[in-house]
Amino acid sequence: MTQLKPIVSHSHLDSIPSSAAGKFKADKSSSSTSTYIHRLRFNSSLQKLTLWSFLFLVAVLFFFLLSPPSPPPPRRKNLQSTTPWGGSDWERRVRSSARVRSKTGLSVLVTGAAGFVGTHVSIALKRRGDGVLGLDNFNTYYDVALKESRKSLLDRTGVFVVEGDINDGVLLRKLFDVVAFTHVMHLAAQAGVRYAMQNPNSYIHSNIAGFVSLLEVCKSVNPQPAIVWASSSSVYGLNSKVPFSEKDRTDHPASLYAATKKADEAIAHAYNYIHGLSITGLRFFTVYGPWGRPDMAYFFFTKDILEGKEISVFEGPNHGTVARDFTYIDDVVKGCLASLDTAKKSTGSGGKKKGAAQLRIFNLGNTKPVPVSKLLSILEKLLKVKAKRKVVSLPRNGDVQFTHANISLAYKELGYKPTTNLETGLKKFVKWYVGYYDPKKKSAW
Ligand SMILES: O=C(O)[C@H]1O[C@H](OP(=O)(O)OP(=O)(O)OC[C@H]2O[C@@H](n3ccc(=O)[nH]c3=O)[C@H](O)[C@@H]2O)[C@H](O)[C@@H](O)[C@@H]1O
């Protein structure tokens, strides 16, 4: 809109001549020639101004047209050339992976299966005899090699991960043609609160469009699956009342990421209401652990401590503590499985609702917030290396000052009870980290 300014100021200047003309009129008696020259000068400066405004407008437009749009979502692999889907072999692998091997087992499609939480949940489901099929687009938001390693781990556990995007409705329908999934564990998303400043489109693509694409397929298949999906503690945004309860309002997101998760909760409500889909949203609180995400603080703090790099420790206004309700992956996995186990069936068929369906939202946190400075101290102790700390003000790019979960609802409905404190969880993470990145040492898995 800045390009409009010259026009506005121009029209403002336009109003000046009437009063100025009055002055000219007063001078008229002294010299009509000078008035004429004045007018001529005034008109020519007006023309110049119009010309310059026009040129400025053209330049701004030109710049606008030439400047690239915000970057596209992280580049995906060329799925067609690397892993084309379809064919009898592929269908056989899909069926085999999703085959239920226990009496009461579920048949679960896990989206984001090569992600951090997705890998852990898929393995836990498989180990207890559920059928599991993974779906992941292997985007390059962070190290794809880590995702490939998780995929190998899943392969060894008997979970096949299909390479594909949740926005690909044709692929999703095909998967449901091959397997009548009873449940969908939806964990595919553009994660991270700060990255939205660089790539907002990626959040819309995965978290909004992708979620709707998945729900569209889930609503139309028969039988409809029950859906459990990852929301986020970030929906509590700038709320100051702690601990955060599911009953609290979530109207002040501090990041686009949080806003997309909040939007997803509203979208889930609409699909539940209109189509009878059984939907459970889980608000994860800063989940950490082995096979974690390199974009998260505990992960890159570890890397940076070992590499002797400086670490920015955020602090709030007036040296206020920045803290997180860090939650260990195994505790979160238990919450995910309990959500799947207690999910009621969807009530629709052929896209039409037959009766009211279950709609739930749970906090999955640890209820013990820990300051970021303490997180760093624990890592220093475990790694036996002093960190190069630099205290900086909490940037206004999506971070909130603290999170703290009230988990009484999850405890009541799911029997969710986290048991891992940050020291114990980080010890397991560091053991994995050192083993994974140092080939001489054995992986913790
Ligand atoms: O709870 C959640 O729902 C969210 O948890 C994390 O987001 P966040 O809690 O911000 O986790 P980190 O990015 O690992 O940050 C942890 C803490 O370290 C702080 N931090 C981060 C980066 C840094 O350079 N310095 C620093 O002090 C952050 O302010 C924050 O308090 C995940 O990245 C989100 O995807 C997830 O949805």
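In the annotation of an unreviewed UniProt entry, the entry for the protein reads UDP-glucuronate 4-epimerase, and the organism field reads Rhododendron griersonianum. The UniProt entry for the protein carries the following comment under Subunit (unreviewed entry): "Homodimer."

Three or more residues of helix H8 (residues 169–178) are buried, namely Leu172, Leu175 and Phe176. End-on view of H8: buried residues confined to an arc of 95°, all on one side of the axis. For H8, the exposed residues set more than 90 degrees away from the buried face come down to Val170 and Asp177. Contact partners of the buried residues in H8: helix H5 (88–98), strand E1 (107–111), strand E2 (131–136) and helix H9 (200–220).

Turning our attention to the sheet that holds E2. The strand order across the open sheet formed by 7 strands is E3-E2-E1-E4-E5-E6-E11, and the pairing between neighbours is parallel. A single partner strand is all that each edge strand has here, and the edge strands are strand E3 (160–163) and strand E11 (359–364). Mean inter-strand twist for the sheet, computed between neighbouring axes without regard to direction, equals 20°. As judged from the 4 bridges shared by E2 and E3, these two strands associate in the parallel manner. Counted as the bridge partner of Leu133 is Phe160 from E3. Along the sheet, helix H12 (residues 329–342) contacts E1, strand E4 (183–186), strand E5 (226–232), strand E6 (279–284) and E11; its crossing angle with E6, the most-contacted strand, is approximately 170°.

Further remarks concern the pairing of E1. The buried fraction of E1 amounts to 4 of the 5 residues, a majority that puts the element mostly inside the structure. Inspection of the sheet shows E1 paired to E2 by 5 bridges, in the parallel sense. Each residue of the ladder has a partner; that of Thr111, found in E2, is Leu135. Traced from E1 through helix H6 (residues 116–127) to E2, the parallel crossover comes out right-handed. Inspection of the sheet shows E1 paired to E4 by 4 bridges, in the parallel sense. Pairing of Val108 across the sheet is with His183, part of E4.

Let's shift gears to the pairing of E6. Of all the 6 residues making up E6, 6 are buried; the element is thus mostly covered by neighbouring parts of the structure. Burial along E6 is two-sided: Ile279, Gly281 and Arg283 and Thr280, Leu282 and Phe284, pointing in opposite directions, are all buried. The sheet contact formed by E5 and E6 spans 6 bridges and is parallel. Following the sheet pairing, Val228 is matched in E6 by Thr280. Alignment of E6 against E11, held across 6 bridges, turns out to be parallel. Considered in E11, the bridge of Ile279 is made with Leu359.

As a further point, take the site of the ligand. Inspection of the region around the ligand gives 18 residues, with Ala191, Ser232, Met296, Ala297 and Phe314 positioned closest. Looking at which element gives the most residues to the shell around the ligand, the answer is strand E8 (residues 310–315), with 3 residues. Residue composition of the shell around the ligand, grouped by class: 10 nonpolar, 6 polar and 2 charged.

With that out of the way, let us pick up the environment of Asp341. Structurally, Asp341 can be placed in helix H12. Remark: the alpha-carbon pair of Asp341 and Leu414, spanning 73 residues in sequence, is separated by 8.8 Å.

UniProt records the feature "domain: NAD-dependent epimerase/dehydratase" (unreviewed entry) for residues 108–344 in the present numbering. Between the first and last C-alpha atoms of residues 108–344 the distance is 14 Å; the span itself is 43% helix and 18% strand.

Conventions we followed
- Residues numbered from 1 in each chain as written.
- Predicted model: local features only at pLDDT ≥ 70, side-chain atom pairs only at ≥ 80, totals over all residues.
- UniProt positions renumbered as here; feature names shortened; annotations may be inferred.
- Buried ≥ 20, exposed ≤ 12 C-beta atoms within 10 Å, placed from the backbone.
- Helix = DSSP H or I, 4+ residues; strand = E, 2+ residues; numbered from the N terminus.
- Arc of directions from axis to C-beta.
- Contact = placed C-beta atoms within 7 Å.
- Pairing = 2+ DSSP bridges.
- Axes fitted to C-alpha atoms, helices over the stretch in contact; angles between N-to-C directions.
- Right-handed = clockwise from strand over helix to strand, strands pointing away.
- Near = placed C-beta within 6 Å.
- Nonpolar A, V, L, I, M, F, W, Y, C, P; charged D, E, K, R; others polar.

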